[in-house]
Amino acid sequence: MKRFLATMMAVILVTGVSLHSIAKDGNNTSTVVEIAVSNPDFSTLVEAVTKADLAGALSADGPFTVFAPTNEAFSKLFKQLGVKGIEDLSAEQLTPILTYHVVSGNVMSSDLTNTSVATLNGKKIKIDLSNGVHINDSEVIKADIKGKNGVIHVIDKVLIPE
């Protein structure tokens, strides 16, 4: 029993430290787009959003919940598609993919449940909390980066609508 309690206290301590570092990444004066632009891990996402001409829409009042894939997630997708990068994809190809990563509302990780939710492109994503937090087949690797018009949750894989 003591070992179990010690393990639980360690988990709580590590979780608290992680949540503290996550909270420092976002602020309530920057939009979700400004937060992405200021983070080098999202440079490919920013390039895609710019090419698809979605930056203005995602800078609006919102609120938006953005499931943001990292550069590494995009690299995996490019390899899977056999393309070099964003330059090989058109705005028409990028728009449905990017809008599939955005949900209306300010959905914090504490608000998530096992469910399906409609994205801005009208298709649904599946949220699964049974073993960590998964959005379809991607894993949330950082959550609750707050902006003035929404929240970002970082994911390890680009979501592709069916």
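First things first, this report covers the structure right here in the doc. (Residues numbered from 1 in each chain as written. Predicted model: local features only at pLDDT ≥ 70, side-chain atom pairs only at ≥ 80, totals over all residues. Heavy atoms only, no water.)

Thoughts on the packing of helix H3 (residues 43–51) against helix H6 (residues 91–99)
- Where H3 meets H6, the closest approach of the two axes is 9 Å, and the angle between their N-to-C directions is 115 degrees. Pair H3 / H6 crosses with left-handed handedness. Contact residues: H3 offers Leu45, Ala48, Val49 and Lys51, while H6 offers Ala91, Leu94 and Leu98. (Axes fitted to C-alpha atoms, helices over the stretch in contact; angles between N-to-C directions. Helix = DSSP H or I, 4+ residues; strand = E, 2+ residues; numbered from the N terminus. Left-handed = near helix turned anticlockwise from the far one by under 90°. Contact = heavy atoms within 4.5 Å.)

Comments concerning H6
- All of the buried residues along H6 are Leu94, Ile97, Leu98 and Thr99.
- Packing partners of the buried residues in H6 comprise H3 and strand S2 (102–104). (Buried < 20%, exposed > 50% of the residue type's maximum accessible area, 1.4 Å probe, protein only.)

Topic: the nonpolar core
- Formed by 28 residues in total, the largest nonpolar core has its most connected members in Phe42, Leu45, Val66, Leu94, Leu98 and Ile152.
- Those elements that place two or more of their residues in this core are helix H2 (32–37), H3, strand S1 (64–69), helix H5 (71–81), H6 and strand S7 (150–155).
- Apart from the residues lying within four places of it in its own chain, the contact partners of phenylalanine 42 are Ala36, Ala68, Pro69, Thr70, Asn71, Ile152 and Val154. (Core = buried A, V, L, I, M, F, W, Y, C linked by side-chain atoms within 4.5 Å.)

Looking at the side chain of histidine 134
- Looking at the secondary structure, you find histidine 134 in strand S5 (residues 134–135).
- A polar side-chain atom of histidine 134 sits 3.2 Å from the main-chain carbonyl oxygen of asparagine 131.
- Those residues within four positions of histidine 134 in sequence are excluded, and the remaining contacts are Lys126, Ile127, Asp128 and Glu139. (Polar contact = N/O pair within 3.5 Å; in protein donor to acceptor, adjacent residues only side chain to side chain.)

A short note on the sheet that holds strand S4 (residues 124–128)
- Ordered by their spatial adjacency, 7 strands build an open sheet running S2-S1-S7-S6-S5-S4-S3, and the pairing between neighbours is mixed. Here the strands that pair on one side only, and so sit at the sheet edges, are S2 and strand S3 (115–118).
- When S1 meets S2, the two strands line up antiparallel, connected through 3 bridges. Bridging from a neighbouring strand, threonine 65 pairs with valine 103 of S2. (Pairing = 2+ DSSP bridges.)

Some thoughts on the pairing of S4
- Going residue by residue along S4, you find Ile125 and Ile127 tucked away on one face and Lys124, Lys126 and Asp128 left uncovered on the opposite face.
- Hairpin connection, S3 to S4: the antiparallel pair is bridged by 5 residues, and glycine 122 has positive phi, about 90 degrees.
- In the sheet, S4 pairs with S5 via 2 bridges, with the strands oriented antiparallel. Considered in S5, the bridge of aspartate 128 is made with histidine 134.
- If you look at the hairpin formed by S4 and S5, you'll find 5 residues sitting between the two strands, and glycine 132 has a positive phi there, around 85 degrees.

Everything listed is a geometric property; what it means functionally is a separate question.
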